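Survey of secondary and tertiary structure
Here is how the chains run, residue by residue.
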Amino acid sequence: MTTDSTEHSPDPVLPDVNMHLVPPSKPVVGRVVESTNCMKGKSASFVRHVSIDVSGTPLEGAFCSGQSFGVVPPGVDHNGKPHKVRLYSIASPTRGEDGEGKVLATTCKRLIDEYWPQTPKDDETRHDLFTGVCSNYLCDSKVGDEILVTGPVGKRFILPAEPCRHDYLFLATGTGIAPFRGMISDLLEGPDGPVDSDIHLVMGVPYTTDLLYDDALRALEKRHANFHYHTVVSREIQPDGTKGGYVHHYLDRQVHLHETLLREDRTLMYLCGLAGMQLGVFQFLARAGLGDAYLKVKDDLRDVAPADWDTKSIRKYVRPTHRCMLEVY
Ligand code: A2P
């Protein structure tokens, strides 16, 4: 069964996918089979590609690219209760890392920060280091370690049932690239053969060294003429002396490159990463007169110049259409 479309509509038909086969109340045991640093170079961040064998569990062969899975870290939280499940994007194609759906992977960034007071009750003088519980647990895990996993979760941020009927613009910041690694692999190297759709991936990072899966993506671009990989490096100076900016600045600068793609009825846009990217991209689309296919702007905001939109107002008054998939945090 499928949803969301008719024969002539440009809207994608999304396949039915498995959901919650393993609920958080009854996690199953997976085993780490690989953990590699997937960054381009030395950086202030630490991001690892962690692969987990889920064979023999209900997750085996039952997830698809774009979905998430859960990890339950060991131990208890500050209230003495067992830690809750955390969701991670599946970075693998639907056939898994192993080609048989037995191994799924994620792109995990260590959360490292200084403590800061967040409520009036908190100690204002405190500034010691804190490390995110689950991201560091997952990044510290070694090959052979057992991990409690759940899922899969997510039925909207996935590829359409008939991928060849569409072209694609994938927009990512940082680890937001995870689902696109899987989806692009499905499109170009999956069992149904490469699609000849136009596929663009725009990846935004602070420094070149923060690029993720960069060598693999460049190699994929060499193998497939219809795949185009664009990088946007926010904090480095470009040849013209300006900073690289954000993903939406890049779209603005390169509008000649993407305008035709975005005007096509076939095109689907997927955004994954920082919530701020959503505002910037929505403003870009509206300003460039490309928004109608991807955004429904309610009357309250229709007469407000896109430059004056903000995160709050787009949350309230702008809805993505069926051709715009969002996963922002
Ligand atoms: P910057 O940190 O220079 O402000 P990562 O997850 O690896 O930190 O990368 C996130 C990337 O997204 C960085 O390049 C970051 O830039 C950029 N970024 C930050 N805010 C926004 C925003 N509002 N829209 C798009 N990109 C953003």
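Thresholds, definitions, all that
- Residues numbered from 1 in each chain as written.
- Predicted model: local features only at pLDDT ≥ 70, side-chain atom pairs only at ≥ 80, totals over all residues.
- Heavy atoms only, no water.
- Core = buried A, V, L, I, M, F, W, Y, C linked by side-chain atoms within 4.5 Å.
- Buried < 20%, exposed > 50% of the residue type's maximum accessible area, 1.4 Å probe, protein only.
- Helix = DSSP H or I, 4+ residues; strand = E, 2+ residues; numbered from the N terminus.
- Near = heavy atom within 4 Å.
- Polar contact = N/O pair within 3.5 Å; in protein donor to acceptor, adjacent residues only side chain to side chain.
- Areas by Shrake-Rupley, 256 points an atom, 1.4 Å probe, with all protein chains shown as cover.
- Pairing = 2+ DSSP bridges.
- Right-handed = clockwise from strand over helix to strand, strands pointing away.
- pLDDT = per-residue confidence, 0-100.
- Contact = heavy atoms within 4.5 Å.

What follows is about the nonpolar core. Counting residues in hydrophobic clusters, the biggest one holds 36 residues, and the most contacted among them are F170, F180, I184, I199, L201, F227 and Y270. Contributions of two or more residues to this core are made by β11 (167–173), α2 (178–189), β12 (199–205), α3 (214–223), β13 (227–233) and β14 (267–273). No other element matches the 6 residues that α2 contributes to this core. With 26 residues, the next largest nonpolar core counts L169, V247, Y250 and W309 among its residues.

Now for the site of the ligand. Taken together, the neighbourhood of the ligand is formed by 13 residues, with V205, P206, S234, R235 and Y246 sitting nearest. Residue P206 places a main-chain N or O atom 3.1 Å away from an oxygen atom belonging to the ligand. For the ligand, whose unbound accessible area comes to 560 Å², protein coverage reaches 77%. When residues of the shell around the ligand are traced back to their parent elements, those giving at least two are β12 and α6 (275–287).

Our next topic: the pairing of β13. Among the 7 residues in β13, 5 count as buried, and that is most of the element. When β12 meets β13, the two strands line up parallel, connected through 7 bridges. Its bridge partner being in β13, H200 is matched across the sheet by H228. Note that the unit made of β12, α3 and β13 has a crossover that is right-handed.

Further remarks concern the confidence of the model for the protein chain. Averaged over all residues, the pLDDT of the protein chain equals 95, while 98% of them reach at least 70. Taken as a whole, residues 1–6 scores under 50 in pLDDT and shows 14 contacts with residues more than four places along the chain or in a different chain.

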